[in-house]
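Working through the structure, step by step
Listed below are the residues making up each chain.
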Amino acid sequence: MRLHGTMKVIEDTLYIGGVSSLDLVKKYSTPLYVFDEELIRNNCKDYVTSFKVKENKNKVAYAGKAFLPTYMCKLIDEEGLYLDVVSGGELYTAYKADFPMEKILFHGNNKTLEEIKMGVDFGVGVFVVDNFYELSILEKICAEKNIIQNIYFRITPGIEAHTHEYIKTGQIDSKFGFALINGDFHVAIENLKKHKHINLIGLHAHIGSQIFQVEPFEQEVEVMLELVKDLKDNHNIDIIELDFGGGIGVYYVEGDEPKTIKEYCEAIINKCEEKCKELKINVPTLIIEPGRSLVANAGSTLYSIGSIKEIKDVRIYVSVDGGMTDNIRPSLYQAGYECAIVNKMNSTTKKHNVTIAGKCCESGDILISNTDVLDIESGDILITTSTGAYGYSMASNYNKIPKNPVVFVNKNEDRLVCKRQSYDDLLSLEL
Ligand code: LLP
């Protein structure tokens, strides 16, 4: 298992942020999400420097869907990031965390009337308008309030990125955005002329998630900048902000070779400069929306091992006290993870090939298939690493299993950021 961020092994035990994982288990029990705050902050700083936030006034907007407790809103605000939200719930979280509303980009392919009203009332900086329906509702609401709302148009650039089918978004067959190929985007531009309360300042595209190459992003830059030129030349519209979405991949398991934050940012910035020179246009303000690459490797999950079932010549099932309710990604995307026994980090006993199973009533509730672990016993504590993105945010209460608490560790201290759900919390909506 690769050690991420501040992880260290001291006398057989895994420490994160200077805190013993076994002490965390004693204090908070399992299953438990643990976040390495220093690693998240370092990733933010890396983005801010590499994407030239201060030098060029570019913007890095954290994609809140990856993991958004109020504490994260505060943290990214302190680090100088913007925030991308996709629902009333995420927007409300940011609002309650006192996140500056003008630094919010409001995404979503089917924002409801209530959500659009809420966004306008809160004064979000930019609506990323996805479709004709949203455009007309937004115009109506802004006209009633007599305000002018800044927007980007989300476009579907027609770029195929090599990633899982469910997390690809840039191709023509997508529920998101105005397609370029079928002319929808240009119809939307024509429609704009009737919308007096909407101010188009930017364009947005997102081509997918967990992408390891930079070439699809460079292609995206080219497509977007050609549009900027077309809008200026043929419609006299100035696009001053260009948002390339998120998508840079991270390391989960051996064989994953993601680009660094710096390599990804440099590729986008360099391609923009080159293309703007070629098209003889000014370089707009650039925006990116990383989610996974800011938090994935900073998060881990601690579980207690319960039943160990050996089916001779078939498989050893090692069951933990969580599973698909706290990490749906293996079942949904066949995502791979690494693990270790945090109380036996230096053990040299014989290796066993095992399958780590969750506790849900589903045969598909498998966290890791066929992994080698050292001598494993019931009562040991297992860690799965890189669960920081789309773990807690996609957690469910299937089988009425309460959600894990979230603890941040930093400089030898731990801080509870989200409580464990209680059984009464589970019933709190029932009448
Ligand atoms: N911006 C937009 C408009 C997006 O749709 C997304 C992710 C992002 C930014 C952030 O992308 P990231 O940097 O995290 O790759 N649940 C899936 C991932 C879905 C991503 C959806 N959109 C998973 O667990 O892999």
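Residues numbered from 1 in each chain as written. Predicted model: local features only at pLDDT ≥ 70, side-chain atom pairs only at ≥ 80, totals over all residues. Heavy atoms only, no water.

**What about the packing of aromatic side chains?**
Formally: Within 6.5 Å between ring centres, the rings of Phe, Tyr and Trp (the latter by its six-membered ring) count as paired, and their orientation is classed by plane angle as stacked under 30 degrees, edge-to-face over 60, tilted in between. Strands here mean DSSP runs of E at least two residues long; helices mean DSSP runs of H or I at least four residues long; both are numbered from the N terminus. A simple rule labels every residue: compare its accessible area, found with a 1.4 Å probe on the protein chains alone, to the largest value its type can have, and call it buried under 20%, exposed over 50%, or partly exposed in between.
Taken as a whole and assessed by the stated rule, the structure comprises 15 aromatic pairs. Residues Phe67 and Tyr392 carry aromatic rings whose centres are separated by 6.2 Å and whose planes lie at 75 degrees to one another, so their mutual orientation is edge-to-face. Pair noted here: Phe67 is in the loop between strand 5 (59-63) and helix 4 (70-78) and Tyr392 is in the loop between strand 19 (381-385) and strand 20 (406-410), with a separation of 325 residues, a long-range link. Taking the centre distance of 5.0 Å and the plane angle of 75 degrees together, the rings of Phe217 and Tyr264 count as edge-to-face. One end of the pair, Phe217, is in helix 9 (residues 215-235); the other, Tyr264, is in helix 10 (residues 261-279), and 47 residues separate them in sequence. Tyr264 matches Phe217 in its accessibility class, with the two residues each being buried. Members of the aromatic cluster, each reached through a chain of ring pairs, are Tyr33, Phe35, Phe67, Tyr71, Tyr392 and Phe408.

**Quick word on helix 10**
Worth spelling out the cut-off: In this scheme, a helix's expected span is set at 1.5 Å multiplied by one less than its residue total. Note on contacts: a residue pair is in contact if any heavy atoms of the two residues lie within 4.5 Å.
Between its first and last C-alpha atoms helix 10 spans 27 Å; for 19 residues at 1.5 Å apiece the expected length is 27 Å, and the two agree. Every buried residue of helix 10 is listed here: Ile261, Tyr264, Cys265, Ala267, Ile268, Ile269, Lys271, Cys272, Lys275, Cys276 and Leu279. Here the buried face of helix 10 lies against helix 2 (37-50), helix 9, strand 13 (285-288) and helix 11 (292-295). Residue Lys280 follows helix 10 closely and has a positive phi angle near 60 degrees.

**Examining unusual backbone geometry**
The general pattern is negative phi for most residues beyond glycine and trans for most peptide bonds. Between Thr30 and the following residue, Pro31, the backbone shows a cis peptide bond with an omega angle of -10 degrees. Even without a glycine there, the phi angle at Tyr390 is positive, about 60 degrees. By the secondary structure assignment, Tyr390 is in the loop between strand 19 and strand 20.

**Observations regarding the sheet that holds strand 3 (residues 19-20)**
Put simply, the rule reads: Think of it this way: DSSP has to see at least two bridges between two strands before they count as a pair.
Taken together, three strands build an open sheet; the order of strands is 1-2-3 and the sheet is antiparallel. One side of each edge strand has no neighbouring strand; the edge strands of this open sheet are strand 1 (8-10) and strand 3. Examined bridge by bridge, strand 2 (residues 13-16) and strand 3 share two bridges and lie antiparallel to one another. By the bridge assignment for strand 3, Ile16 is matched with Val19.

**Focus on the site of the ligand**
Counted only if it meets this: For each residue, the test is whether any non-hydrogen atom lies within 4 Å of the molecule or strand; if one does, the residue is near. Two N or O atoms form a polar contact when they lie within 3.5 Å of each other; inside protein one atom must be a possible hydrogen donor and the other a possible acceptor, and for residues adjacent in sequence the pair counts only when both atoms belong to side chains. Methods summary: accessible areas were calculated by the Shrake-Rupley approach with a probe of 1.4 Å, and residue burial reflects only the protein chains presented. Asp, Glu, Lys and Arg are counted as charged, while Ala, Val, Leu, Ile, Met, Phe, Trp, Tyr, Cys and Pro are counted as nonpolar; the rest, among them Gly, fall into the polar class. Residue ranges assigned to each domain were obtained from an automatic or database domain assignment.
Among the 19 residues in the neighbourhood of the ligand, the closest are listed as Ser209, Glu289, Arg329, Tyr333 and Tyr390. At 2.7 Å from a nitrogen atom of the ligand is found a side-chain nitrogen or oxygen belonging to Glu289. Within the contact set of the ligand, an oxygen atom lies 2.6 Å away from a side-chain nitrogen or oxygen of Arg329. Relative to its free-state accessible area of 580 Å², the ligand is covered by the protein chains to the extent of 91%. Split by residue class, the shell around the ligand holds six nonpolar, seven polar and six charged. Formed jointly, the shell around the ligand draws a minimum of three residues from each of two domains, domain 1 (8-30 + 298-426) and domain 2 (37-295).

**Notes on the domain arrangement of the chain**
Stated precisely, the cut-off is as follows: Buried area adds together the accessible area that both of two parts lose upon being put together, with accessible area traced by a 1.4 Å probe. By definition here, a salt bridge exists when the distance from a side-chain nitrogen of Lys or Arg to a carboxyl oxygen of Asp or Glu is within 4 Å.
Each assigned domain of the chain is listed with its residue range as follows: domain 1 (8-30 + 298-426) and domain 2 (37-295). Between domain 1 and domain 2, the residue contacts involve 23 residues of the former and 20 residues of the latter. Summing both sides of the interface, domain 1 and domain 2 together bury roughly 2,000 Å²; the carbon and sulfur share of this comes to 61%. Summed over the three residues of domain 1 that lose the most area to domain 2, namely Ala298, Tyr390 and Phe408, the buried surface amounts to 29% of that side. For the pair domain 1 and domain 2, the number of links is zero salt bridges. Linking domain 1 with domain 2 are nine residue pairs in polar contact (both at pLDDT 80 or more), by the criterion used here. It is strand 20 that contributes the most residues to the side of domain 1 that touches domain 2, four residues altogether. A class-by-class count of the residues in the side of domain 1 that touches domain 2 yields 12 nonpolar, seven polar and four charged.

**Some details on the pairing of strand 14 (residues 299-311)**
Two strands pair when backbone bridges link them, and strand 4 (residues 32-36) and strand 14 are joined in this way by four bridges, in the antiparallel orientation. Bridge assignment links Val34 to a residue of strand 14, and that residue is Ser300. Across five bridges, the pairing between strand 14 and strand 19 is antiparallel. Its bridge partner lying in strand 19, Leu302 is registered against Ile383.

**Some remarks on the nonpolar core**
Which entries qualify depends on this criterion: As used here, the term nonpolar core means buried Ala, Val, Leu, Ile, Met, Phe, Trp, Tyr and Cys residues forming a set that is joined through side-chain atoms within 4.5 Å.
In this structure, Tyr62, Leu83, Phe153, Phe185 and Leu203 are the most contacted members of the largest nonpolar core, which totals 105 residues. With eight residues, the top contributor of residues to this core is helix 10. A domain-level breakdown of this core finds at least three residues from each of domain 1 (8-30 + 298-426) and domain 2 (37-295). In contact with Leu203, other than residues within four places in its own chain, are Tyr152, Phe153, Phe185, Met224, Leu227, Val228, Leu231, Ile239, Glu241, Leu242 and Asp243. Listed in part, the 17 residues of the second largest apolar core include Leu14, Val19, Val34 and Leu302.

**Examining helix 2**
The end-to-end C-alpha distance of helix 2 is 20 Å, a good match for the 20 Å that 14 residues give at a rise of 1.5 Å each. For helix 2, the complete set of buried residues consists of Glu37, Leu39, Ile40, Arg41, Asn43, Cys44, Tyr47, Val48 and Ser50. Its side-chain oxygen placed 3.3 Å from the backbone nitrogen of Glu38, Asp36 serves as the N-cap of helix 2. Positive backbone phi, at 55 degrees, marks Lys52, one or two positions downstream of helix 2.

**So, the pattern of salt bridges**
One side chain can pair with another of opposite charge once the charged atoms of both are near each other. Considering all chains together, one arrives at 23 salt bridges under this definition. The closest approach of N and O atoms between Asp414 and Lys27, which form a salt bridge, is 2.9 Å. Taken together, the residues Asp414 in strand 21 (residues 413-418) and Lys27 in helix 1 (residues 21-28) connect sequence positions 387 residues apart. The salt bridge involving Glu377 is made with Lys344; its shortest N-O contact spans 2.7 Å. A residue pair is termed long-range when its members are at least 10 positions apart, and Glu377 in the loop between strand 18 (366-373) and strand 19 and Lys344 in the loop between strand 16 (339-341) and strand 17 (352-357) qualify at 33 residues. The network of salt bridges with common partners includes Glu222, Glu226, Lys271, Glu274, Lys275 and Glu278.

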